[in-house]
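# Breakdown of the fold
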2 protein chains.
Amino acid sequence: MTRSSRTSAPPSPPAFPCPPYSAKVGHCQLFQNPEARSRVIDAATTLGRTTGLVLVDCSATYDTVNLLKDAVDHGCCVVLANKKPLTGAYEDFQKLVSNFRRIRFESTVGAGLPVIASVTRIIASGDPVSRVVGSLSGTLGYVMSELEDGKRFSEVVKTAKSLGYTEPDPRDDLGGMDVARKALILARLLGQQISMDNINVESLYPSELGPDAVSTEDFLESGLVQLDRSMEERAKAASSRGNVLRYVCEIGSAGCQVGLKEVPKDSALGRLRGSDNVVEIYSRCYESSPLVIQGAGAGNDTTAAGVLADVIDLQDLFQKTA
Amino acid sequence: MTRSSRTSAPPSPPAFPCPPYSAKVGHCQLFQNPEARSRVIDAATTLGRTTGLVLVDCSATYDTVNLLKDAVDHGCCVVLANKKPLTGAYEDFQKLVSNFRRIRFESTVGAGLPVIASVTRIIASGDPVSRVVGSLSGTLGYVMSELEDGKRFSEVVKTAKSLGYTEPDPRDDLGGMDVARKALILARLLGQQISMDNINVESLYPSELGPDAVSTEDFLESGLVQLDRSMEERAKAASSRGNVLRYVCEIGSAGCQVGLKEVPKDSALGRLRGSDNVVEIYSRCYESSPLVIQGAGAGNDTTAAGVLADVIDLQDLFQKTA
């Protein structure tokens, strides 16, 4: 359910000479080697503007951002599954999307689910988007729907870990930072000129149970159980109001929030079971009843499918028109 | 909820001299007047191949099909909200989509909902679509979810009519032909070389209560009530199996069917309430749990927004690439 750790791959083309990878995952010498970088940019410039060569970034590192910005400067098309270049400095985001028709990043939010494509279509149609609310972590979606059935938080998280649904340290999911990155991409897509610092992210564990204070083993054995009571109380309080708890991102006129939220039991978010992602989009056309997109929001296959669909989509730019 | 009767409008450009409309809705003399037609095609040819002029058909008539085919032949882009040209002879469909990058028809299925765009993305990504199941009539979606609450079929249909949810003669909705047209477009998009004759369409009223035998008034006053018992029995039988009845189209390896189907109460289709459309897309990536798109599937605003998004999308073809 969580995307498996992806190694940094040389963007493209595959046959291009690339220095050997360093051992560290998420780090590739290409981006530190000026000569290699300049050769990638040269190839991208020569081929990219006329043939539709697309630079694809499926890494999970900030290290690619300068290469990507150079490529965009040279008129090259870019497809990202990597969230990091879009969630750093706002100026970097602005530069990367400066030629919006030449960049696609569907797989950064909900893997292959057509979330970015749909929001982009709605914006293009002149229908103003007022609010986007989403459950964008399969792991936290699973945890929240299990909690609804009266199970203990600590047990549910341990089960999720044993099923391979969580990162090796479940706090990487419970902290909400991955959801916050997706939320930031959506918020920026909707025109909010904000950064991670502007997002209120609610972590599901307190700082005294954080990685700096407690080892993963201790967190699993004795830390988690300390959270059971407050989670149970919150779930019960929600239930008494006909609601359920979901870990959501919410982007609207009040900015961008990430955390637990009570949602009506019979809404798309409230009906969510298991590990699917779900996104509700509210606009003038979809005002009282939102446009809803739901499905598996992680996994290698769906991520790759989203990247490939983006690449194919960009080829419209390179059709002979006359 | 049902799209209001749309008059045939001259496709484009608005300033182009067009013969006066005939009084009959769904019929425009433009398409019968060889001189006017040739002038539209001339303009389309001159402007369409280089400037991105798009021929937009928001009528509800078959009469436009030859004009559209000529336009496609001349390399012009086409956007359709009109289902009819895509649901006639298979050869017409084939000709219209022969340059698939130059045609868009999102608003023919689910108005502005990104159904066609999403199916096209999945196909482009190489992910084979195995099955599409959808509730594509807001009217019948409303009727079926009310029926689930134990209400009488005849009462629900009359309420739907009084709310303006149905066509003036509700049999236009209950017969399923509008759903069948949408199903045919989806089936053809998925590669099925079929026509309306190949679709098994279940009507919710028998032929002895059809428009040839019974007036609208008589149908509403004494015809509808004759259907209550069998509908109640079917709804109860579904309920006894943990299912609910939905009026769906289903496109899969067994072809294309339109009619009542029992679906699990906890599926996206089963959870549907009110007049939203919902489409479940099953593919290799979305095998056990489908990709679901849900929202208002009719209405002037959403239809217009879908058309406009299609027009904007086509403009990628006319970007200077070098």
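Residues numbered from 1 in each chain as written. Chains lettered and ligands numbered in written order. Predicted model: local features only at pLDDT ≥ 70, side-chain atom pairs only at ≥ 80, totals over all residues. Heavy atoms only, no water.

### A look at the sheet that holds strand E1 (residues 54-57) of chain B
By definition, the strands of a sheet pair up through backbone hydrogen bonds, in either a parallel or an antiparallel sense. All names here are of chain B. The parallel open sheet is built from three strands, whose spatial order is E1-E2-E3. Whereas interior strands pair on both sides, the edge strands pair on one side only; in this sheet they are E1 and strand E3 (103-104). In terms of strand pairing, E1 meets strand E2 (residues 77-80) through four bridges, oriented parallel. Bridge pairing links Val-56 to Val-79 in E2. (Pairing = 2+ DSSP bridges. Helix = DSSP H or I, 4+ residues; strand = E, 2+ residues; numbered from the N terminus.)

### Observations regarding the confidence of the model for chain A
A low pLDDT means the predicted coordinates there should not be read in detail. Residue and element names in this part refer to chain A. Overall, the prediction assigns chain A a mean pLDDT of 88, with 89% of residues at 70 or greater. This model gives residues 1-26 a pLDDT under 50, and the stretch forms 68 contacts once residues within four places in sequence are excluded. Interface confidence for the predicted complex, expressed as ipTM, amounts to 0.88; the pTM equals 0.88. (pLDDT = per-residue confidence, 0-100. Contact = heavy atoms within 4.5 Å.)

### Some remarks on the environment of A:Glu287
Residue and element names in this part refer to chain A. Here Glu-287 is to be found in the loop between strand E8 (277-283) and strand E9 (291-295). Overall, the relative accessible area of 60% leaves Glu-287 in the exposed class. Expressed as a C-alpha distance, the spacing of Glu-287 and Leu-224, which sit 63 residues apart in the sequence, is 39 Å. (Buried < 20%, exposed > 50% of the residue type's maximum accessible area, 1.4 Å probe, protein only.)

### Some details on the nonpolar core
Grouped together as the largest cluster of nonpolar side chains are 147 residues, with contacts concentrated most on A:Phe153 and B:Phe153. If sequence neighbours within four positions are ignored, B:Phe153 has contacts with B:Val143, B:Leu147, B:Leu174, B:Leu204, B:Leu224, B:Leu227, B:Asp228 and B:Met231. (Core = buried A, V, L, I, M, F, W, Y, C linked by side-chain atoms within 4.5 Å.)

### Here's the deal with the UniProt feature "active site" (unreviewed entry) in chain A
Residue and element names in this part refer to chain A. Under the local residue numbering, the UniProt record ascribes the feature "active site" (unreviewed entry) to Lys-182. Relative to the elements of secondary structure, Lys-182 occurs in helix H9 (residues 177-189). If we ignore the near neighbours within four places in the chain, the residues touching Lys-182 are Lys-83, Thr-108, Val-109 and Leu-136. A distance of 2.8 Å separates a polar side-chain atom of Lys-182 from the backbone oxygen of Leu-136. (UniProt positions renumbered as here; feature names shortened; annotations may be inferred. Polar contact = N/O pair within 3.5 Å; in protein donor to acceptor, adjacent residues only side chain to side chain.)

### A few points about the packing of aromatic side chains
All names here are of chain A. In the structure shown here, the tally under the stated rule is eight aromatic pairs over all chains. An angle of 80 degrees between the planes, with centres 6.5 Å apart, marks the rings of Phe-100 and Phe-105 as edge-to-face. A cation over an aromatic ring shows up here: Arg-131 above the ring of Tyr-282, its NZ or CZ 4.4 Å from the ring centre. (Phe/Tyr/Trp six-rings, centres within 6.5 Å; stacked < 30°, edge-to-face > 60°. Lys NZ or Arg CZ within 6 Å of the ring centre and 35° of its normal.)

### What to know about the interface of chain A and chain B
With 43 residues of chain A at the interface, the matching set in chain B holds 43 residues. A buried area of about 3,800 Å², summed over both sides, lies between chain A and chain B, and 50% of it is on carbon and sulfur atoms. The residue B:Arg101 makes a salt bridge to A:Asp316 at a minimum N-O spacing of 2.1 Å. On inspection of chain A and its partner chain B, the count reaches 16 residue pairs in polar contact (both at pLDDT 80 or more). Every element with two or more residues in the side of chain A that touches chain B is listed here: helix H1 (34-51), helix H5 (115-124), E9 and helix H13 (300-314) of chain A. Top contributing element to the side of chain A that touches chain B by residue count: H13(A), with eight residues. Taken together, the residues of the side of chain A that touches chain B sort by class into 18 nonpolar, twelve polar and 13 charged. (Buried area = accessible area lost by both parts, 1.4 Å probe. Salt bridge = Lys/Arg side-chain N within 4 Å of Asp/Glu carboxyl O. Nonpolar A, V, L, I, M, F, W, Y, C, P; charged D, E, K, R; others polar.)

### Some remarks on the relation of the copies chain A and chain B
When chain A is fitted to chain B, the best match, at an RMSD of 0.0 Å, comes from turning it 180 degrees and sliding it 0.0 Å along the axis. Classification of the inter-copy transformation places it as that of a two-fold axis. Comparing contact sets, 100% of the residues at the interface of chain A also lie at the interface in chain B, consistent with an isologous, same-surface contact. (Least-squares fit on C-alpha atoms with pLDDT ≥ 70 in both.)

### Details of unusual backbone geometry
Residues and elements named next belong to chain A. A positive phi angle, close to 50 degrees, is found at Ala-111, a residue other than glycine. Mapped onto the elements, Ala-111 comes out in the loop between strand E3 (103-104) and H5. Note on Ala-111: relative accessible area 1%, which makes it buried.

### With respect to helix H11 (residues 228-240) of chain A
Residue and element names in this part refer to chain A. Helix length check: H11 (13 residues) gives 18 Å between terminal C-alpha atoms against 18 Å at 1.5 Å per residue, within 8%. Looking at H11, one finds that the buried residues are Asp-228, Met-231, Ala-235 and Ala-238. Buried residues of H11, seen end-on, are gathered within an arc of 100 degrees and therefore sit on one face of the element. For H11, the exposed residues set more than 90 degrees away from the buried face come down to Arg-229, Lys-236 and Ser-240. Tucked inside the fold, the buried residues of H11 contact helix H6 (138-148), helix H7 (153-162), strand E6 (243-252) and strand E7 (255-264). Following H11 by one or two positions, Gly-242 adopts a phi angle in the positive range, close to 75 degrees. (Expected span 1.5 Å × (residues − 1). Arc of directions from axis to C-beta.)

### Side note on the packing of helix H4 (residues 115-124) of chain B against helix H8 (residues 177-189) of chain B
Residues and elements named next belong to chain B. In the contact formed by H4 and H8, the axes pass within 11 Å of each other and the chain directions differ by 20 degrees. If you check the angle between H4 and H8, you find them roughly parallel. Note on packing geometry: the crossing formed by H4 with H8 is right-handed. Residues Val-115, Ile-116, Val-119, Thr-120 and Ile-123 of H4 form the contact with H8, whose participating residues are Ile-185, Leu-186 and Leu-189. In terms of residue class, the contact of H4 with H8 is made up of seven nonpolar, one polar and no charged. (Axes fitted to C-alpha atoms, helices over the stretch in contact; angles between N-to-C directions. Parallel < 35°, antiparallel > 145°, perpendicular 65-115°, else oblique. Left-handed = near helix turned anticlockwise from the far one by under 90°.)

### As for the pattern of salt bridges
Residues and elements named next belong to chain A. Throughout the structure, instances matching the rule amount to 42 salt bridges over all chains. In this structure, Glu-148 and Lys-265 form a salt bridge, with 3.8 Å as the shortest nitrogen-oxygen distance. Here Glu-148, found in helix H6, pairs with Lys-265, found in the loop between E7 and helix H12 (268-271); they are 117 residues apart in sequence, far enough to count as distant. Taking the relative accessible area as the measure of exposure, Glu-148 reaches 27% and is therefore partly exposed. What makes Lys-265 partly exposed here is its relative accessible area of 47%. As a salt-bridge pair, Lys-182 and Asp-178 come within 3.3 Å of each other at their nearest N and O atoms. Of this pair, Lys-182 and Asp-178 both sit in helix H9, four residues apart, which is roughly one turn of the helix. Via salt bridges that share partners, Glu-148, Asp-149, Arg-246, Lys-265 and Arg-273 belong to a single interconnected network.

### Observations concerning the UniProt feature "binding site: NADPH" (unreviewed entry) in chain A
All names here are of chain A. Using the residue numbers shown here, the UniProt feature "binding site: NADPH" (unreviewed entry) corresponds to Lys-83. Here Lys-83 is to be found in the loop between strand E2 (77-80) and helix H3 (84-87). Residue class for Lys-83 comes out buried when judged on its relative accessible area of 9%.

### Concerning the side chain of A:Asn277
All names here are of chain A. Assignment of secondary structure puts Asn-277 in strand E8. Under the relative-accessibility criterion, Asn-277 is labelled buried at 2%. Beyond its immediate sequence surroundings of up to four residues, Asn-277 is in contact with Gly-110, Leu-113, Ser-135, Leu-136, Ser-137, Gly-138, Ile-293, Gln-294, Gly-295 and Gly-297.

### Examining the packing of helix H5 (residues 138-148) of chain B against helix H6 (residues 153-162) of chain B
Residues and elements named next belong to chain B. Taken N-terminus to C-terminus, the directions of H5 and H6 make an angle of 140 degrees; their axes are 9 Å apart at the nearest point. Judged on the interaxial angle alone, H6 and H5 are oblique. For H5 against H6, the interelement crossing comes out right-handed. Residues Tyr-142, Val-143, Glu-146 and Leu-147 of H5 form the contact with H6, whose own contacting residues are Phe-153, Val-156, Val-157, Thr-159 and Ala-160.

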